[in-house]
Amino acid sequence: MSASDLTPPEAVRRTERSGPPPSHDRRAEVGAAAGHIHSVVSLLRELDFGETPPAAAYRAGGEQHDAAV
């Protein structure tokens, strides 16, 4: 599902499945916030990191600096 497919009512419906439903006066805010979070996560999933190792594999100070051009 793309970010544009997640409407505020659909976001509220999903939040109701995962826990106590939001109060009626907060449904619009919950829907808007959930839609925004979904769009950000969707964008992050599209990033291509290629051969970048995970941060846990990086050791500061272990680089070999070569000034040769």
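Summary of the structure given here. Here the residue numbering is sequential within each chain, running from 1 through the sequence in written order. Residues qualify for local features only when their pLDDT is at least 70, as the model is predicted, and side-chain atom pairs are given and counted only at 80 or more; totals for whole chains, interfaces and linings, by contrast, use all residues. Note that the side-chain values use all heavy atoms of the structure and ignore hydrogens as well as water.

1. Some details on the overall build of the chain
Note the following rule: The way it works is that DSSP assigns letters per residue, a run of H or I at least four long becomes a helix, a run of E at least two long becomes a strand, and they are numbered from the N terminus. Partly exposed describes any residue whose relative accessible area lies between the buried limit of under 20% and the exposed limit of over 50%, with all areas from a 1.4 Å probe on protein chains only and scaled to the type maximum. Computed with the Shrake-Rupley method and a 1.4 Å probe, the accessible areas treat only the protein chains shown as cover for residues.
For the chain, the count of helices and strands is 2 helices and 0 strands. Residues classed as buried in the chain amount to 13% of the 69 residues present. Total accessible area on the chain is roughly 5900 Å²; 59% of this is exposed by carbon and sulfur atoms.

2. Describing the environment of Ala11
Put simply, the rule reads: In what follows, a contact means two residues having at least one pair of non-hydrogen atoms within 4.5 Å.
Mapped onto the fold, Ala11 is located in helix H1 (residues 8–18). Once the C-alpha coordinates of Ala11 and Ala32 are considered, the two residues, 21 residues apart in sequence, prove to be 7.9 Å apart. In contact with Ala11, other than residues within four places in its own chain, are Leu6, Gly31, Ala34 and Gly35.

3. As for helix H2 (residues 27–45)
Our working definition: Here a helix's expected span is defined as the number of its residues, less one, multiplied by 1.5 Å. To obtain the arc, one takes the directions from the helix axis to the C-beta atoms.
End to end, H2 covers 27 Å across 19 residues, agreeing with the expected 27 Å (1.5 Å per residue, within 8%). The set of residues buried in H2 consists of Gly31, Gly35, His38 and Ser42. Buried residues of H2 fall within an arc of 65° about the axis and therefore sit on the same side. Turned more than 90 degrees from where H2 packs its buried face, His36, Ile37, Leu43 and Leu44 sit exposed.

4. Brief notes about a nonpolar patch on the surface
Using the following cut-off: A patch consists of residues whose relative accessible area exceeds 30% and which take part in no salt bridge; residues with like charges are grouped when within 9 Å of each other, and nonpolar side chains (Val, Leu, Ile, Met, Phe, Trp, Tyr) when within 5 Å. Salt bridges, as used here, are contacts in which a Lys or Arg side-chain nitrogen is within 4 Å of a carboxyl oxygen on Asp or Glu.
Together, Val40, Leu44, Leu47 and Phe49 give the surface a local cluster of nonpolar side chains, amounting to about 390 Å² of exposed area. Structurally, Leu44 is set in helix H2.

5. Quick word on the environment of Ala28
Position of Ala28 among the secondary structure elements: in helix H2. By relative accessible area, which is 56% here, Ala28 ends up exposed. When the C-alpha positions of Ala28 and Pro9 are compared, they lie 8.1 Å apart, and in sequence the two are 19 residues distant.

6. With respect to the packing of H1 against H2
Condition: Here an angle of 0 to 180 degrees is reported between the N-to-C directions of two axes, which are lines fitted to C-alpha atoms, with helices fitted over the stretch in contact. By the definition adopted for this analysis, an angle is roughly parallel if under 35 degrees, roughly antiparallel if over 145, roughly perpendicular if from 65 to 115, and oblique otherwise.
It is at 8 Å that the axes of H1 and H2 come closest, and there the two elements cross at 95°. In this view, H1 runs roughly perpendicular relative to H2, as classed from their interaxial angle. Here H1 contributes Pro8, Ala11, Val12, Thr15 and Glu16 to the contact with H2, which in turn contributes Arg27, Val30, Gly31, Ala34 and Gly35.

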